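Close look at the chain arrangement
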Number of protein chains: 2
Amino acid sequence: MQRVYNFAAGPSALPLPVLEQVQKELLNWNGMGASVLEISHRSRQFTSVVEETIAMIKSLYQISDDYEVLFIQGGGHTQFAMVPLNLCVGQCGAYALNGVWSRKAFKEAQKIAQAKEATSVEFRVPKQEEIDVSGASYFYYCSNETVNGIQYHYTPDVGVDMVCDMSSEFMSRPIDVNRYGLIFAGAQKNFGPAGVSIVIVRKDLLGKASSTVPSMLDYKTYAGYLSMYNTPPTFAIYVAHLVAKWLIDEGGVAEMERRSIIKSNLLYDTIDSSNGFYFNQVEKQSRSRMNVVFNLENKALEEHFIREAEAENLRYLKGHRILGGMRASIYNAVSIEAVEKLADFMKKFATRYA
Amino acid sequence: MQRVYNFAAGPSALPLPVLEQVQKELLNWNGMGASVLEISHRSRQFTSVVEETIAMIKSLYQISDDYEVLFIQGGGHTQFAMVPLNLCVGQCGAYALNGVWSRKAFKEAQKIAQAKEATSVEFRVPKQEEIDVSGASYFYYCSNETVNGIQYHYTPDVGVDMVCDMSSEFMSRPIDVNRYGLIFAGAQKNFGPAGVSIVIVRKDLLGKASSTVPSMLDYKTYAGYLSMYNTPPTFAIYVAHLVAKWLIDEGGVAEMERRSIIKSNLLYDTIDSSNGFYFNQVEKQSRSRMNVVFNLENKALEEHFIREAEAENLRYLKGHRILGGMRASIYNAVSIEAVEKLADFMKKFATRYA
């Protein structure tokens, strides 16, 4: 059986050349006579992988030496706790709520500290003037709401340190890291396997956590040890290293943005020109280029849609269990060709059942 | 280049059939048309992997339904924090200190709560009568000190709930889980890749964490969601699933114990019969069957030892950076044959340089 067109939301498609290299060297990595799964994280060879991955991330995003790049386990949910534990000193953060993930982060921050709401909107991103950060030590937002298919296409400017969950748009477009205090991203959307998050944090924000915060939830623990205070998730970092190389070979984040505009336009155009057969509830200027969420006007057809798409090797299109409907996640590793196939299928399906 | 005899302390050798299966199905897992790295943790296929891994762990250790088996990210160091955060209610734990890992766990527990010392010894495990748990809600120990090569060959009986770090002896011998309140183990020694820990916890100990404890550090979060409250480290769990299958096929934990006695005896006999050329400082009845630590009387020969061993494909024998010397880690996936080769080499080396 061949490989399918994979539109999974995360864990999600990885570049085929990356997978092929992992496969090829799985029994004997880098001349060590052992798998990358079987060697010490403190070996010179693996330490180089960590150093090179950091260097490539810095190069891809043009990150200055004012920032640390860290690898941390526990996914976005662990970041939801680490952010307030490290950055709520006296005051806490103000959170922009506009989807599942920003709301989850807010809930966790409230459990831990006195987080407040900066704004709350639905089916769109907030406007700059709707954001209220008064009395907050940082402003928190999720730049791409994976479940809801909502993405910021502007960078807020609010006068306090900005913290951004970029999990599902990481490395998909150029950003100005200097605008942020802290950025985090679970690798499993756009940058590798599940099991590692990338954190980019301005150095002056380190070392503010209370002395009772668990060592593993203090960013300083990672910054001081090349993210190897303890055994890191070596395989996940190794795959991220290969993905970073692939990104550079393919032309970097500007090229990823170019492709993602083409891919997302293909699908939104198909939806918008379907005379309501397909619909998307997100405000047009807030639509995600990573996760195209849509419903069928005739809900009864959704199961047919999934089944017939599967027959054409178009897979993992079912929407998030919270929202239902469909979701096509079109991260960096999803080719323009795959999205063309999907758009074609959508048009034919609409013609057949309209 | 061929695969070497791998004596790494962790991440460490995995069974070759496991690695071969991972390699074979890396591009297309389980008929899904995608890598196991690329599919949703909430897919039926992956959920089965989690359920089956739990079932196999329960079967291998004969664990009753009074216990939950959890998969948690963040390694042993995260457990060092989770244990006091979840189990220090009013009183805290008493810690037996006899090596690097028990001391690290104690230090972290002191950061978080009023942990106390139950006993402190060197080069051996404490005797039952040396352990003082008065005023403690649990007794904590590390059953195999990986760095120091010290292992408990008896199960303490102290009258309070026992918490045990079994990272480097997990699945290497039969245990009576009913004797414990909580057992944890980083997978990267004996059960899989780095990036996942296995926690076995008695159900009545869940739900005692304070409401301000981060969700990801509350055992209850995992127990309630099949360890999938958020995206778990899917690849690490998938490999652990294959390792568990391999363990069952090979004869289970009783067979692993039989082999580890043979393997460790081979090395300790070589050390003890070397007329002091090699020496091991650990009390004989506390010697580890997993990590055989030794020094050369003539320290200047240690570099030669490493280099000549490497020439015979005997690798990753250098001791932990804290202790120096040599360490042969002989976990389940290290064959008797590999250990025979090492013992032979040690004898020849001693003859050549004595």
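1. Focus: the overall build of chain A
Along chain A, the regular secondary structure elements total nine helices and 14 strands. Over its C-alpha trace chain A gives a radius of gyration of 21 Å, about what one expects of a compact globule, namely 20 Å for 354 residues. For chain A, the proportion of its 354 residues judged to be buried stands at 65%. Restricting to contacts in chain A with at least 6 residues of sequence separation, those with at least 24 account for 66%. For chain A, the distance from the average position of its 36 positive side-chain charges to the average position of its 38 negative side-chain charges is 3 Å.

2. A closer look at the sheet that holds strand 12 (residues 291–296) of chain B
All names here are of chain B. Spatially, the three strands line up as an open sheet ordered 11-12-14, and their pairing is antiparallel. Strands at the two margins of the open sheet, each flanked by one partner only, are strand 11 (278–279) and strand 14 (326–329). Sheet analysis places strand 11 next to strand 12, joined by two bridges and oriented antiparallel. By the bridge assignment for strand 12, Tyr 278 is matched with Leu 296. Taken strand by strand, helix 7 (residues 252–272) contacts strand 11, strand 12 and strand 14, and its axis lies near 20 degrees from that of strand 12. Its contacts with the sheet place helix 8 (residues 302–311) against strand 11, strand 12 and strand 14, and it is angled at close to 130 degrees to strand 12.

3. So, the relation of the copies chain A and chain B
If you rotate chain A by 180 degrees and push it 0.0 Å along the axis, it lands on chain B with an RMSD of 0.0 Å. What the superposition gives is, in effect, a two-fold axis relating one chain to the other. Of every C-alpha in chain A, the one belonging to A:Gln23 sits nearest the axis of rotation, 2.6 Å from it. Mapped onto chain B, 100% of the interface residues of chain A are again interface residues, and the two copies thus contact each other with one and the same surface.

4. Structural notes on the packing of aromatic side chains
All names here are of chain A. Applying the stated criterion across every chain yields a total of 49 aromatic pairs over all chains. Between Trp 29 and Tyr 238, the ring centres sit 6.1 Å apart and the planes meet at 85 degrees, which makes this aromatic pair edge-to-face. Of this pair, Trp 29 sits in the loop between helix 1 (16–24) and helix 2 (44–61) while Tyr 238 sits in helix 6 (residues 234–250), and the two are 209 residues apart along the sequence. A residue is classified by how much of its surface remains accessible, and Trp 29, at 5% relative accessible area, is buried. Here Tyr 238 falls in the buried class, since its relative accessible area comes to 2%. Both rings, one in Tyr 140 and one in Phe 184, keep their centres 6.3 Å apart while their planes meet at 40 degrees; by these two values the pair is tilted.

5. Some points on helix 9 (residues 336–353) of chain B
Residue and element names in this part refer to chain B. Helix length check: helix 9, at 18 residues, gives a terminal C-alpha distance of 26 Å against a target of 26 Å (1.5 Å per residue), a fit within 8%. Of all the positions in helix 9, only Ala 338, Val 339, Leu 342, Ala 343, Phe 345, Met 346, Phe 349 and Ala 350 are classed as buried. For helix 9, the arc enclosing every buried residue in end-on projection is 160 degrees, short of the 170-degree limit, so these residues lie on one face. Those residues of helix 9 that are exposed and angled more than 90 degrees off the buried face are Lys 348 and Thr 351.

6. Some thoughts on the sheet that holds strand 4 (residues 116–120) of chain A
Residue and element names in this part refer to chain A. Strand order in this open sheet of seven strands is 2-10-9-8-5-3-4, and the pairing throughout is mixed. The open sheet has two edge strands with one neighbour each: strand 2 (67–72) and strand 4. Ignoring which end each strand starts from, the neighbouring axes of this sheet average 20 degrees apart. The strands touched by helix 2 within the sheet are strand 2 and strand 10 (197–202), with strand 2 carrying the most contacts at an inclination of about 125 degrees. In this fold helix 4 (residues 100–112) packs onto strand 3 (93–97), strand 4, strand 5 (138–142) and strand 8 (161–165), with an angle of close to 150 degrees to the strand it touches most, strand 3.

7. Overview of the side chain of B:Arg287
Residues and elements named next belong to chain B. Looking at the element boundaries, Arg 287 is found in the loop between strand 11 and strand 12. With relative accessibility at 9%, the residue Arg 287 sits in the buried group. If near-sequence neighbours (up to four positions away) are discounted, Arg 287 is found in contact with Gly 149, Gln 151, His 153, Tyr 268, Asp 272, Asn 280 and Val 282.

8. Some details on the environment of B:Gly99
Residue and element names in this part refer to chain B. Looking at where Gly 99 falls in the secondary structure, it is placed in the loop between strand 3 (93–97) and helix 4 (100–112). In this structure Gly 99 comes out as buried when scored by relative accessible area, which is 4%. Those residues in contact with Gly 99 that sit more than four places away from it in its chain are Glu 145 and Asn 148.

9. Focus: the pairing of strand 8 of chain A
All names here are of chain A. Most of strand 8 is tucked away, with four of its five residues classed as buried. Relative to strand 9 (residues 182–186), strand 8 runs parallel, the two sharing three bridges. Looking at the pairing, Val 163 lines up with Leu 182 of strand 9.

10. Description of the domain arrangement of chain A
How big an interface is tends to be reported as the loss of accessible area on association of its parts. Residue and element names in this part refer to chain A. Its domain assignment divides chain A into domain 1 (16–250) and domain 2 (251–353). Measuring from the centre of the C-alpha atoms in domain 1 to the corresponding centre in domain 2 gives 27 Å. Listed per partner, the contact involves 28 residues of domain 1 and 28 residues of domain 2. Taken together, the two surfaces of domain 1 and domain 2 that pack against each other cover about 2,300 Å², and 55% of this comes from carbon and sulfur. Interface area lost by domain 1 to domain 2 is led by Phe 123, Val 147 and Glu 250, which between them contribute 23%. Between domain 1 and domain 2 we count one salt bridge in total. With a shortest N-O distance of 2.8 Å, Arg 259 and Glu 250 are connected by a salt bridge. If you look at where domain 1 meets domain 2, you find 17 residue pairs in polar contact (both at pLDDT 80 or more).

11. Focus: the pattern of salt bridges
Counted according to the given criterion, the structure contains 32 salt bridges over all chains. B:Asp132 is the partner of B:Lys116 in a salt bridge, and the nearest nitrogen-oxygen pair spans 3.9 Å. With B:Lys116 in strand 4 (residues 116–120) and B:Asp132 in the loop between strand 4 and strand 5 (138–142), this residue pair connects regions lying 16 residues apart in the sequence. Of the charged contacts, one joins B:Glu255 and B:Arg259 as a salt bridge, the two residues approaching to 2.8 Å between their closest N and O atoms. Placement of the pair is B:Glu255 and B:Arg259 together in helix 7, with a separation of four residues, close to one helical turn. The same class applies to B:Glu255 and to B:Arg259, which are both buried. Overlapping salt bridges, with partners in common, bring together A:Glu250, A:Glu255, A:Arg258 and A:Arg259 in one network.

Reading the values: rules and limits
- Residues numbered from 1 in each chain as written.
- Chains lettered and ligands numbered in written order.
- Predicted model: local features only at pLDDT ≥ 70, side-chain atom pairs only at ≥ 80, totals over all residues.
- Heavy atoms only, no water.
- Helix = DSSP H or I, 4+ residues; strand = E, 2+ residues; numbered from the N terminus.
- Rg over C-alpha atoms; globule rule 2.2 N^0.38 Å.
- Buried < 20%, exposed > 50% of the residue type's maximum accessible area, 1.4 Å probe, protein only.
- Contact = heavy atoms within 4.5 Å.
- Lys, Arg positive; Asp, Glu negative; His and termini not counted.
- Charge placed at Lys NZ, Arg CZ, Asp CG, Glu CD.
- Pairing = 2+ DSSP bridges.
- Axes fitted to C-alpha atoms, helices over the stretch in contact; angles between N-to-C directions.
- Least-squares fit on C-alpha atoms with pLDDT ≥ 70 in both.
- Phe/Tyr/Trp six-rings, centres within 6.5 Å; stacked < 30°, edge-to-face > 60°.
- Expected span 1.5 Å × (residues − 1).
- Arc of directions from axis to C-beta.
- Domains from an automatic or database assignment.
- Buried area = accessible area lost by both parts, 1.4 Å probe.
- Salt bridge = Lys/Arg side-chain N within 4 Å of Asp/Glu carboxyl O.
- Polar contact = N/O pair within 3.5 Å; in protein donor to acceptor, adjacent residues only side chain to side chain.

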